[in-house]
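Structural features, examined
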Amino acid sequence: MSLQDLMLGAEVWRAGAASDFARGLPSGFPQLDALLPGNGWPSGMLTEILIPCLGIGELQLLLPALARLSHGRRWIAFIAPPHVLYAPALAAAQVDLSRVLLVHPRATADGLWAVEQSLRAGTCGAVLAWPAATDTRALRRLQLAAEAGRSWGVLFRSGQPAATEGSPAALRLQLVPTPGGVDVYILKRRGGWPVGPVTLDLGLDHAMAMPASAGSCA
Amino acid sequence: MLWLCLHLPDLALEVFTRGAPAADPLIVVYGRGGRKRRVAICNAAARCHGIRPGMDLNAAYALVGALQVCERDEESEHAALDRLAAWAGQFTPVVSPTPPQALLLEVAGSCRLFGGVDRLRELVRQGLAELGYRAFLAVAPTPLAASWLAHAGREACVSRQDALVAVLATLPLACLGLAVEQGRTLGGMGVRTIGDCLRLPRDGLARRMGPELVDIFDRALGRIPDPRPAFAMPSVFTGNLPLPVATSTVEGLLFPLRRMLFELEGFLCAHDAGTCFLTLSLHHAAARTTQVGLELVAPSRDTVYLVMLLRERLERIALSAPVEEISLHVTDLHPLAPRNLDLFAPVQAAAEETLIERLRARLGRGAVRGLDQVAEHRPERAWIYAEPGCGMAIRNGSGRRPRQSACAERKAEGRKRPLWLLHEPVPLEMRDQYPYLDGMLALGRERERIEGGWWDGLDIARDYFVARSRQGARFWVYRELSGEHRWFLHGLFG
């Protein structure tokens with residue numbers, strides 16, 4: 001096999017050819033799109049989002065892409081969401097509720113099974129999951145399932161250890177809350193090196209008034 | 001007219017052994033009430049040990065100690081033949097069971113549809129193998145000729161009436177199923193085959209053997225009509241299958257289940273229908289029957305698909321005892337278009353439900369839902385679980401999508417709603433009248449007052465705020481306007 005043949009094969013990735021990636025789903029945030037391979041969220045791959053806690057705008061970040069996906073034919077599956085996904089807020093963000101699929105498995109193993117099935121089925125545009133615990137093997141299975149079903153898998157993981165351990169996910173982001181939105185650190189991406197932070201304004205800028213008597217506590 | 005006859009030589013045995021791939025030595029015996037019990041038929045394993053039909057039961061026991069003995073059950077043979085007739089309805093509307101062991105299909109009209117008579121015969125043969133039946137298949141222009149050929153084990157395909165005499169001539173008289181004395185008389189005359197019989201003078205034969213015999217030959221050769229009663233297709237499917245060996249493994253159950261679902265597929269094909277609800281009953285020797293219901297989002301009849309769904313269901317079920325027999329009951333038929341052969345037709349729509357059904361089969365029906373919103377002021381009542389895909393509310397049952405007035409929509413735009421709502425508002429600790437959660441919460445300046453619900457007695461009066469925690473999470477909190485003015489956490493701006 002000559003070098004030429006080797007370079008033509010899909011197995012060899014060259015840093016200079018980062019633009020070869022399949023076009024991603026526009027995230028709705030141009031600053032973020034510029035850093036993502038394929039200029040958008042990677043369809044057919046697993047995205048891991050590491051968050052310190054719930055409620056920092058982690059869903060808000062995905063909403064523009066989800067709204068766009070929901071107008072297609074495929075499902076948007078939410079697997080084991082930690083709280084009630086509030087329908088009026090989704091509808092206000094232009095997400096078509098008839099494409100939303102909620103799955104509430106009882107056991108962790110069932111949760112991972114449901115994520116894998118949904119990714120692999122090919123009928124889900126996006127699969128968002130809040131797994132209680134995952135290991136590298138499970139993540140690799142999910143990554144393969146996402147590739148097989150051309151589905152965008154998103155795993156939300158909280159806790160610090162997740163950031164340091166390796167992961168087969170194609171894209172890993174870490175979110176850090178800021179007063180108006182979030183700082184996005186890209187920990188891993190295909191065809192690039194870790195970058196960040198990108199500061200995104202999620203429109204959460206509510207003028208905060210500390211209780212006068214409690215200012216010193218915060 | 002062209003008749004296809006399915007002759008099932010081993011039916012008496014197969015009604016017992018169809019439930020498992022291969023069995024230990026098993027025989028079916030006949031003779032009850034003081035008469036000597038003899039082997040009617042035995043399976044291959046028993047034959048290996050030297051057991052033969054007609055053998056005395058004790059002799060069979062002497063050959064194989066661990067012998068499974070079944071009493072011949074003509075009722076279930078009859079039922080099996082009827083179910084087979086219902087299954088064969090997918091090939092032709094004219095089906096006529098001919099007990100004890102044969103089934104006649106009139107196939108002149110359906111040959112073209114299935115690509116010729118040979119192709120049709122091959123399809124039937126493959127289907128029968130899937131169902132667990134061994135059969136001889138013969139085709140002839142008259143039902144009697146087809147039956148005789150199949151009974152004699154000649155898999156001939158005669159399509160022209162004038163060729164019949166030559167083909168039938170070589171058949172032994174035994175396949176006519178004559179009375180014992182008649183057979184003996186003819187044997188005494190040196191008549192061994194149908195050809196011998198046909199060569200005899202017609203009037204002499206009628207005088208000696210009775211006019212019925214001449215009639216039979218006339219019907220077989222198509223000289224006089226031979227109408228057959230058409231099988232009345234049942235409108236519901238009820239199938240049962242005894243397992244030769246009681247099993248409690250999923251794999252052990254799937255084998256007979258696949259056979260039964262294949263039978264169901266034929267039945268549904270004949271009705272141009274699919275089903276949305278299957279009831280599977282697993283019968284145990286002593287314990288109560290285990291009922292498994294499978295509900296589908298869209299009608300289906302695909303064996304592979306239904307097996308896949310039932311496998312997920314069965315894997316979740318803890319069986320109280322080994323299963324002795326399974327039965328399947330389907331009453332709910334929905335019209336289903338014949339197989340779609342359109343090259344460009346999207347297969348997406350069908351697959352869409354596949355995922356839901358697959359998830360439901362394993363996780364339970366309630367674990368997979370859709371979402372919808374309701375025009376309501378009270379935040380906890382402004383959403384509802386719905387059937388996935390249709391955005392239809394489950395609880396009000398009306399199937400109407402709650403419509404928001406333009407006014408309400410405009411109002412909603414200005415209001416900030418969190419993406420996460422807690423199932424129940426969580427009371428917050430208070431310090432100096434202000435909420436505290438791992439540190440003081442920073443409250444937003446905007447306040448939204450929500451009051452309402454006096455009409456159904458569940459009224460609320462709250463002031464909602466957006467709050468920010470020390471970690472940076474944004475909460476949706478409220479203070480009660482009445483009572484103790486406590487603070488609650490109600491949502492998160494995810």
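Keep in mind that what you see is a predicted model, and the values were worked out from it rather than measured.

For the rest of this paragraph, the subject is the nonpolar core. Most often, soluble globular proteins have nonpolar side chains that are buried together. If you look at the biggest cluster of nonpolar residues, it comprises 97 residues, and the most contacted ones within it are Ala77(A), Ile79(A), Leu90(A), Val127(A) and Val477(B). For this core, the leading source of residues is helix 5 (residues 108-121) of chain A, giving six residues. Counting 88 residues, the second-largest nonpolar core is a separate cluster that includes Leu171(B), Leu176(B), Phe231(B) and Leu309(B).

All names here are of chain B. Relative orientation of the contacting elements helix 4 (residues 74-88) and helix 12 (residues 250-270) amounts to 50°, with a least axis distance of 6 Å. Between helix 4 and helix 12, the angle is such that the two are oblique. Along the contact surface, helix 4 presents Arg-83, Ala-86, Trp-87 and Ala-88, while helix 12 presents Glu-263, Gly-266, Phe-267 and Ala-270. For the contact of helix 4 with helix 12, a count of residues per class yields five nonpolar, one polar and two charged.

Contact residues are listed per partner, giving 47 residues for chain A and 53 residues for chain B. Those elements giving two or more residues to the side of chain A that touches chain B turn out to be strand 3 (84-85), helix 4 (87-92), strand 4 (100-103), helix 5 and strand 10 (208-209) of chain A. The biggest single contributor to the side of chain A that touches chain B is helix 4 of chain A, with six residues. Residue composition of the side of chain A that touches chain B, by class: 32 nonpolar, twelve polar and three charged. Two elements, strand 4 of chain A and strand 12 (residues 368-373) of chain B, share two bridges in a ladder whose sense is antiparallel. Its bridge partner being in strand 12 of chain B, Val103(A) is matched across the sheet by Val368(B).

Before going further, it helps to examine unusual backbone geometry. For the peptide bond that leads from Pro99(B) to Pro100(B), omega is 5°, which places it in the cis range. For Gln94(A), which is not glycine, the phi torsion reads 70° and is therefore positive. Look at Gln94(A) and you get partly exposed, because 13 C-beta atoms sit within 10 Å. Phi at Arg150(A) takes a positive value of approximately 50°, unusual for a residue other than glycine. Structurally, Arg150(A) can be placed in the loop between helix 6 (136-149) and strand 6 (152-158). Using a count of 15 C-beta atoms within 10 Å as the deciding quantity, one classes Arg150(A) as partly exposed.

In this model, chain A carries a mean pLDDT of 83, and residues with pLDDT of at least 70 account for 83%. Note on residues 212-218 of chain A: pLDDT is under 50 here. Beyond four places in sequence and across chains, it has 13 contacts.

Take the sheet that holds strand 11 (residues 323-335) of chain B next. Residue and element names in this part refer to chain B. Spatially, four strands are ordered 8-11-9-10 in an open sheet, and the strand pairing comes out antiparallel. Only two strands of the sheet have a single neighbouring strand rather than two, namely strand 8 (237-247) and strand 10 (290-300). Neighbour-to-neighbour, the strand axes of this sheet turn through a mean angle of 15°, independent of strand direction. Helix 13 (residues 303-316) contacts strand 9 (273-284) and strand 10 of the sheet and is inclined by roughly 140° relative to strand 10.

Cut-offs applied
Residues numbered from 1 in each chain as written. Chains lettered and ligands numbered in written order. Predicted model: local features only at pLDDT ≥ 70, side-chain atom pairs only at ≥ 80, totals over all residues. Core = buried A, V, L, I, M, F, W, Y, C linked by C-beta atoms within 7 Å. Buried ≥ 20, exposed ≤ 12 C-beta atoms within 10 Å, placed from the backbone. Helix = DSSP H or I, 4+ residues; strand = E, 2+ residues; numbered from the N terminus. Axes fitted to C-alpha atoms, helices over the stretch in contact; angles between N-to-C directions. Parallel < 35°, antiparallel > 145°, perpendicular 65-115°, else oblique. Contact = placed C-beta atoms within 7 Å. Nonpolar A, V, L, I, M, F, W, Y, C, P; charged D, E, K, R; others polar. Pairing = 2+ DSSP bridges. pLDDT = per-residue confidence, 0-100.

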